[in-house]
Amino acid sequence: MITFESVTKRYADGTVAVDGLSLEAPTGEITVFVGPSGCGKTTSLRMINRMIDPTEGRILLDGTDVTTIDPPTLRRGIGYVIQQAGLFPHRKIVDNVATVPFLLGWDKRKAKDRAMELLERVGLDPKLAQRYPFQLSGGQQQRVGVARALAADPPVLLMDEPFSAVDPIVRTSLQDELIRLQSELQKTIVFVTHDIDEAIKLGDRVAVLRVGGKLAQLADPRTLLSEPADDFVRDFLGRDRGIRRLQFVATDGLELSDPADTSLDVQDGRPVGWRRDSGELEPAGTFVPGRDSLRSALDAALLSPSGAAVAVDADGKVLGVVSRQALDKALSEVADG
Amino acid sequence: MDDGQPLFRWSWVVSNWDNDSPNSIVNLLQAHIVMSAVPVIVGLLVSLPLGLLCVRWRWLYQPVSGLMNAVYALPSLALFMILLAVTGAEPVTVIIPLTFYAMAVLIPAVVDGLASVPEHVRQSAVAMGFTPLRRLVQVELPIAVPVVLAGMRVVAVSSISLVSVGALIGQGGLGNFFTDAYQRDFYTPAIAGIVLIVLLALVADGALVLLQRLLTPWMRARRSA
Ligand SMILES: Nc1ncnc2c1ncn2[C@@H]1O[C@H](COP(=O)(O)OP(=O)(O)OP(=O)(O)O)[C@@H](O)[C@H]1O
Ligand SMILES: [Mg+2]
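Residues numbered from 1 in each chain as written. Chains lettered and ligands numbered in written order. Predicted model: local features only at pLDDT ≥ 70, side-chain atom pairs only at ≥ 80, totals over all residues. Heavy atoms only, no water.

Visitor: Explain the pairing of strand 8 (residues 188-193) of chain A to me, please; I cannot follow it from the model alone.
Guide: Looking along a regular strand, one sees side chains alternate from face to face of the sheet. Residues and elements named next belong to chain A. Strand 8 sits mainly inside the fold: six of its six residues count as buried. Alternating residues of strand 8 divide into Thr-188, Val-190 and Val-192 and Ile-189, Phe-191 and Thr-193, and every residue in both groups is buried. When strand 3 (residues 30-34) meets strand 8, the two strands line up parallel, connected through five bridges. For Val-34, the partnering residue across the bridge sits in strand 8 and is Thr-193. Alignment of strand 7 (residues 156-160) against strand 8, held across five bridges, turns out to be parallel. (Buried < 20%, exposed > 50% of the residue type's maximum accessible area, 1.4 Å probe, protein only. Helix = DSSP H or I, 4+ residues; strand = E, 2+ residues; numbered from the N terminus. Pairing = 2+ DSSP bridges.)

Here is the structure:
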């Protein structure tokens, strides 16, 4: 667990980057720092691994004040990923990934084996291992950055806008990859972003900071969306706050009706499409109850002329149809809180 | 020059190749190599720490580079003459000024080379737990190599060329052939000297290019990518 105890950082020129920050980043969870540019996210993150020391207050790592630990030793136990990946241009990918194991004095063979294992773990072709960073795409470099941060299996991972320099499609796949990795590894992650969608997608807890380095709200994403603490947070969450909330509403309870009573065409148990009166087929939107959120179900319904969503199992077999009325009912329950 | 005399006489080359004279081709070639290589090597060894100090204490860079540029502006012949009074007509009288010239190029090369390390690379090295010394040796200096080697190439070729000016105090390596040719109105030694100096410069430059390829495979990778 990482604990901020009334941490303030005042730079030499008088800028207060972080002001009396107190919060906890629980072990095994992703805590996201989000906020507008200049609100002190990077400063807060760098105080954890002592790239910056606080002016006032303390930061504890599992109860130990980090300023009592020698910086190189502290840092070797904390993975760090940044926006431009920060790979060493003069080292091959495998050696980049093995950096911290080398620093820790691991046997060379063991360090390289570990690096190869991690490349695979983050979804990279082992053939890339012998390349230099310049020969990789931005998304691949970012994956290498994550692999490198994980190489020595540190319990803590600090990530500073790691995915903001890649295009939206690659960003989404990197985010999904991080969620998958985290479910296997359960690291204590502090993740910095200025993108509220990313914060809500990745965070177990989200800390919203305002310029001047003050904590505006610390909450799980669902609470953040339903109960923003003040106007600043509400504005920051943006216009789609209501729709985004649906992301956190389960779909297990939705009422399913028999597809036979509808115009849904089914073949071998799979949905083919909605049959129009004219005989034409319209594509049917689907979702998986239990796995997908109410937002997905609503999205599926909006794609259908009838306004109904098709519930399928993980294999794509039809379970039933969620009518407009059933959706309305679920939505009004959300609105009532 | 007699009208019947050829511009270049091979027989002179053959008889002067490796005779007992201190002015044989082989001896002067050796002297030339030593007098041009020592300034480059010593210049690099001195410029590295000085460049590092200039990076560490930024305020040092202006005075140091100003001083080096002033030295660079002094004509080499004038420097040779001044030093002649102190160190005599010895190779070292040529080597010292050339070493300063080398430093005038190599100190900025070291500073620029280290400045060419991207900030995010430096930061991530810090964040991964490199100690400052290890970061310098394993990350920053290797990345600075291409810029420093580019400086080395300039310095090597200009040293090889400048050594010949030392002929005016009798320490010019192959340049001694130029004064010799002028005094005797006999051009073969001068031509031989020029050809050998140019060859020497080409070989030195080629060797440094080769060294760069060996030291920075990642640059080649970038070029072909
Ligand atoms: N070395 C420094 N000296 C003086 N002021 C600084 C320094 N580093 C950051 N600041 C200031 O501190 C404040 C917080 O900076 P910080 O980099 O932590 O913000 P951030 O939230 O990470 O912003 P961004 O989203 O743009 O990365 C800013 O006003 C910044 O200008
Ligand atoms: Mg930042």
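There is more to say after this.
Visitor: It is not clear to me how the nonpolar core should be interpreted in this structure. Could you clarify?
Guide: Soluble globular proteins tend to pack their nonpolar side chains together in the buried interior. Residues and elements named next belong to chain A. Residues Val-97, Met-159 and Phe-191 are the most contacted members of the largest nonpolar core, which totals 47 residues. Looking at this core, the element that brings in the most residues is helix 6 (residues 138-150), giving five residues. Not counting chain neighbours up to four residues away, the residues in contact with Val-97 comprise Ala-115, Leu-118, Leu-119, Val-144, Ala-147, Arg-148 and Ala-151. (Core = buried A, V, L, I, M, F, W, Y, C linked by side-chain atoms within 4.5 Å. Contact = heavy atoms within 4.5 Å.)

Visitor: Can you walk me through the environment of Asp65(A) in this structure?
Guide: Residues and elements named next belong to chain A. Inspection of the secondary structure puts Asp-65 in strand 5 (residues 64-65). For Asp-65, a relative accessible area of 16% puts it in the buried group. Separated by 62 residues in the primary sequence, Asp-65 and Thr-3 have C-alpha atoms spaced 9.2 Å apart. Here Asp-65 is in contact with Arg-58, Ile-59 and Leu-60, once residues within four sequence places are set aside.

Visitor: Would you take a moment to explain the interface of chain A and chain B for this structure?
Guide: One widely used convention gives an interface's size as the accessible area the parts lose upon coming together. The interface is formed by 24 residues belonging to chain A together with 21 residues belonging to chain B. When chain A packs against chain B, the two sides together hide about 2,100 Å² of surface, and 69% of this comes from carbon and sulfur. On the chain A side of the contact with chain B, His90(A), Leu103(A) and Phe134(A) bury the most area, a combined 26% of that side's loss. At the surface where chain A touches chain B, the tally comes to zero salt bridges. On inspection of chain A and its partner chain B, the count reaches six residue pairs in polar contact (both at pLDDT 80 or more). Where the side of chain A that touches chain B is concerned, the elements lending two or more residues are helix 2 (71-76), strand 6 (78-82) and helix 4 (99-103) of chain A. The leading source of residues in the side of chain A that touches chain B is helix 4 of chain A, at four residues. (Buried area = accessible area lost by both parts, 1.4 Å probe. Salt bridge = Lys/Arg side-chain N within 4 Å of Asp/Glu carboxyl O. Polar contact = N/O pair within 3.5 Å; in protein donor to acceptor, adjacent residues only side chain to side chain.)

Visitor: Please clarify how the domain arrangement of chain A should be interpreted in this entry.
Guide: Residues and elements named next belong to chain A. Each assigned domain of chain A is listed here: domain 1 (2-247) and domain 2 (259-336). The straight-line distance from the C-alpha centre of domain 1 to that of domain 2 is 38 Å. For the pair domain 1 and domain 2, the summed buried area comes to about 540 Å², and 65% of that belongs to carbon and sulfur atoms. Where domain 1 packs against domain 2, one counts zero salt bridges. Here domain 1 is connected to domain 2 by four residue pairs in polar contact (both at pLDDT 80 or more). (Domains from an automatic or database assignment.)

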